[in-house]
Amino acid sequence: RDRIARVMLLLPLVLFIGAATSEGWSSVDYRRRSTPSDRLCSAQALRAATRPADLQLSTAYDQDVPPYIVGEAVRSALRSDRGVCFDFTTDRYASNQAHDGLGRSVSVVKIEGKGTTQFLNAKFSQSVPAKDRSFAYKTAYLTPKGRVNDVLLVVATPDENGLVNEAFLVTSPGNSGSTLYDQLSPFVFPMDQVKLIDCSPSNESIQTTVITLACSKIHDARTSFNKNVVLDVLAEAGNKPFEDFELPSLGECIHFKAGTDDSTDLFILQHTFLPQESCRGYTIILQEDLSNPNPLADRVWDNLTAEDNDKGPVGLGALEFESLRVESGSPGFGTEYTGDGSKKSEDDFDQQESSSSNYHAKANPMELHLGNLIDIEKGCYQGQEGIAAVLKNKRGPARQLYQVAFYDSENDFDGSSSGFGMLTIDNDKLAGFQEIAKNAATIENDTRQPRAGDKLYVLGSNESIEVGRITSASEPNGSGDAKTLALALVKRPGPILKAITEQNLDLPMWWEDEDDGEDPTERNLGSRREDAGSGILKPPPLDQLHNLEVVIGGSYTVGRLLAVPSRRYEYKSNGDVASLLDYEKLGRVVNTEEGGSPGYFQYNFGDRAEDDTSIIEVQDDDMLDEEMSTIEEEAERAAAEMEAALEEVKRKEEKMKMLKAKAEAAMAKRQKKQEGTKPVDDEAEAQRKEEKMARLKAQAEAAMARRRKKHS
């Protein structure tokens, strides 16, 4: 089936090449924008599309199939109701490669014991939710400095009392083997009351398999999963009725046993190891005895990818998953998740060959837009001090994750030094043009594909304004378009925008569509584009450096910074006014105060409901009526509370007046009383003093008489 699909995709290419060589090209064709078919009929484009040597990942497709064809086929399957599937524990396509193949496998660690909940809360950044049924959530495994070692998927099943005594830790793709188990086991003590079990392939008794099926829409993924997994495999393998089987919602997990003796544990959850902006789907985790001669995991995978299963998903390898990861703006293990990394500085890395050393991003969750994995209200956990230091910084994290697009039309990757490498078809009408190209002076071509660790600078700054560094680079043209995508950690926008203004360079024009199907060189960068038919300017994304033109240091490779998909404007691209109005509820446009830089969009963060079709949908009349009635009830309740408050104020005011009147009356009465008794009191006091003076005078005279008598 896959072979037939690939032949059908290549058929239009063959017809196009035949038509181009037989009919000839018009005199103005060489001026038009390069299309995918142009790239494929160019020998130079085929050389440029060759997979780089440092990206030797296993692929489900033949090595001679151009990456553009593979990318388009993968995304077509993802948009269909069949979807795509991955095996994250066994590299199913490593044997097809000329090399051994490097997979994107995961590892699983099982935690058992009464202290499971306390262990999870103490070691990882997210709190264990209190639920009475099986659940799944993501959490960050941090270093003591608050940097991301890995992002883990936690799958737990509470007992009948609601206590979690068993949980599974699933690593990110690429963190395979026993790495996580080896990191955690030295820090397990008897007082923790837990036991760790390594469920990696090195375990000689238990086989653990993680398989994911994904589509662009959740209802397509649900349909494909039910057809190809639940009804075809689980119903045959288990002893339970699956006719009314309901797949779990986001955050929930279904746990049951299968097999004739219930020896196989199955966990089904809504998860794809990719952001929801890229795809939605389900993951099944199987644990079974290695002594089973016909493992259920193999039957599940074989049924999904069987040639006679025309409704099944398309199996993908590690290379295809890596392209989807970078395109979706998702950080990955070993590239963005590097923990504290090497002790070597970035200057030491620059002095080494990138092929001989790996770049360590040393990023914290806020820099990777993973703040939702941090519970800032919980108690102590590993890395808490580092996270607190970042949160206290008023300027925010020092870096932010961006996507970088390097368009083929703006770069001559490994092409002719004269710059005319795309024109390779002989034509009489182009003879003069080719002669000019042949006689043109040779210019050294320093354009190359991006790689991890490359420095990025503002285009036109002569490498004086450093922007950041590339952390991941995908396969050239692997997204199905004429571009190479990468991820980069970019510095704070304030100093960069200020330096751009001081050098009179172009500020980033966030209103330009970064991928609207046009050649970037043909865009009118001097004016703002508006959606056709709507007349409404798209609001800016969250990140101020969106659409900033950059260049790789020491080369001519030009690219554009893009906000990762999860932080771009979240409304429909068809110019729907209602969607734009929904978007305005998420925040407001904030103008910067210095440098004349463009405004940016400040979001009002909050919980947003998940839906089955798109990120944001237009609400129907019933929902609007319900919201209006709720608002009216709240307004009436607020008005009643205001009236009660006014009555209370009035009552207290009257009471104060009454008390004041009583106090004034008492003071007047006391004053009147004092005025009536004052003369009497003065006369008595004068008489008392006169009597006292007479008595003292008599005593003095008597004393003087006794003294005279004594002396005489």
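Details of the structure are given in the entry above.
The residue count restarts for each chain, going from 1 along the sequence in the order it is written. Only residues with pLDDT of at least 70 are given local features in this predicted model, and only at 80 or more are side-chain atom pairs given and counted; all residues enter the totals for whole chains, interfaces and linings. Derived side-chain values reflect all non-hydrogen atoms in the structure, with water molecules and hydrogen atoms excluded from consideration.

Participant: How would you explain the pairing of strand β12 (residues 399–407) if you had to name every residue and give the values?
Facilitator: With respect to burial, β12 is a largely interior element, eight of its nine residues being buried. Paired strands, as defined in this entry, are two strands with at least two bridges between them according to DSSP. Where helices and strands are cited, they refer to DSSP runs of H or I of at least four residues and of E of at least two residues respectively, numbered from the N terminus. Inspection of the sheet shows β12 paired to strand β15 (residues 483–491) by nine bridges, in the antiparallel sense. Paired with Gln400 across the strands is Val490, a residue of β15. Bridge count between β12 and strand β17 (residues 558–563): four bridges; the pairing is antiparallel. Among the inter-strand pairings, Val404 is bridged to a residue of β17, identified as Leu561. Only protein chains enter the accessibility calculation, which uses a 1.4 Å probe; a residue is then buried when its area is under 20% of its type maximum, exposed when over 50%, and partly exposed in between.

Participant: Kindly report on the packing of helix α4 (residues 67–79) against helix α9 (residues 318–327), identifying the contributing residues and their values.
Facilitator: Interaxial distance between α4 and α9 falls to 11 Å at its minimum, and their mutual angle equals 75 degrees. The angle between α4 and α9 places the two elements in the roughly perpendicular class. Contact residues: Val70, Val74, Arg75 and Leu78 in α4; Glu320, Ser323, Leu324 and Glu327 in α9. In the contact of α4 with α9, the residues fall into four nonpolar, one polar and three charged. The axes used here are C-alpha line fits, helices contributing only the stretch in contact, and every angle between their N-to-C directions lies in the interval 0 to 180 degrees. The cut-offs work like this: below 35 degrees is roughly parallel, past 145 is roughly antiparallel, 65 to 115 is roughly perpendicular, and the gaps in between are oblique. Contacts are residue-level and defined by heavy atoms, with any inter-residue pair within 4.5 Å sufficient. In this count, Pro and Cys sit with the nonpolar residues alongside Ala, Val, Leu, Ile, Met, Phe, Trp and Tyr, while Asp, Glu, Lys and Arg are called charged and the others, Gly among them, polar.

Participant: Describe empty space enclosed by the protein, naming the residues involved and giving the relevant values.
Facilitator: The gaps of empty space that remain are located by a probe, the size of a water molecule, rolled over the atoms. In this analysis a 1.4 Å probe is tested at points of a 1 Å grid over the protein atoms alone, and where it fits but cannot get out there is a cavity; an open set with protein on both sides within 12 Å along at least five of seven lines is a pocket; lining residues have an atom within 4 Å of a point. Grid points are joined across faces, edges and corners, and a volume is the space filled by probe spheres set on the points. One pass over the full model with this rule turns up three cavities of 30 Å³ or more. In this structure, the largest cavity occupies an estimated 120 Å³ of space. Among the elements of the structure, β1 (84–87) and α9 are those that each provide at least two residues to the lining of the largest cavity. Roughly 50 Å³ of volume is contained in the second largest cavity. Around the second largest cavity, the lining residues are Val70, Gly71, Val74, Arg75, Leu319, Glu320, Ser323, Leu324, Glu475 and Gly478.

Participant: I'd like a description of unusual backbone geometry, backed by residues and values.
Facilitator: Backbone geometry at His369 places phi at a positive 60 degrees, although glycine is not the residue there. By the element assignment, His369 lies in the loop between α10 (346–350) and α11 (384–392). On the basis of relative accessibility, which here comes to 18%, the residue His369 falls in the buried class. Backbone geometry places Asn477, a non-glycine residue, at a positive phi of 65 degrees. Within the secondary structure, Asn477 sits in the loop between β14 (466–473) and β15.

Participant: A description of the sheet that holds strand β6 (residues 195–198) should follow, citing residues and the corresponding values.
Facilitator: Note on sheets: strands pair through backbone hydrogen bonds, and any given pair is parallel or antiparallel. Strand order in the open sheet formed by five strands is β3-β4-β5-β2-β6, with antiparallel pairing between adjacent strands. Either end of the sheet is taken by a strand with one partner, and the two such strands are β3 (135–142) and β6. Direction aside, neighbouring strands of the sheet carry axes that sit 25 degrees apart on average. Most of the contacts of helix α5 (residues 116–123) go to strand β5 (residues 164–170), to which it runs at about 40 degrees, and overall it touches β2 (108–112), β3, β4 (148–158), β5 and β6.

Participant: Lay out the environment of Cys253 in plain terms, naming residues and giving numbers.
Facilitator: Looking at the secondary structure, you find Cys253 in strand β8 (residues 253–258). Classification of Cys253 as buried rests on a relative accessible area of 3%. Contact partners of Cys253, with chain neighbours within four places excluded, come to Ser134, Phe135, Ala136, Val155, Pro248, Phe267, Ile268 and Leu269.

Participant: If you had to explain the pattern of salt bridges to someone new, which residues and values would you point to?
Facilitator: Salt bridges are counted wherever a side-chain nitrogen of Lys or Arg sits within 4 Å of a carboxyl oxygen of Asp or Glu. For the structure shown, the criterion picks out 20 salt bridges. Across the pair Arg399 and Glu367 runs a salt bridge whose closest N-O atoms are separated by 3.1 Å. A residue pair is termed long-range when its members are at least 10 positions apart, and Arg399 in strand β12 and Glu367 in the loop between α10 and α11 qualify at 32 residues. Like Arg399, the residue Glu367 is buried in the burial classification. With a shortest N-O distance of 2.8 Å, Asp543 and Arg567 are connected by a salt bridge. Placement of the pair is Asp543 in the loop between α13 (493–502) and β16 (549–552) and Arg567 in the loop between β17 and α14 (577–584), with a sequence separation of 24 residues. Just as Asp543 is buried, Arg567 falls in that class too.

Participant: Before we move on, can you summarise a nonpolar patch on the surface with the specific residues and values?
Facilitator: Patch construction takes residues with relative accessible area above 30% that form no salt bridge. Like charges are linked within 9 Å, and nonpolar side chains (Val, Leu, Ile, Met, Phe, Trp, Tyr) are linked within 5 Å. All accessible-area figures derive from a Shrake-Rupley calculation using a 1.4 Å probe, and residue coverage is judged against the displayed protein chains alone. Together, Phe187, Phe189 and Met191 make up a nonpolar patch on the protein surface, roughly 380 Å² of accessible area in all. Relative to the assigned elements, Met191 resides in the loop between α6 (179–184) and β6. Accessibility expressed as a relative area gives 72% for Met191, which makes it exposed.

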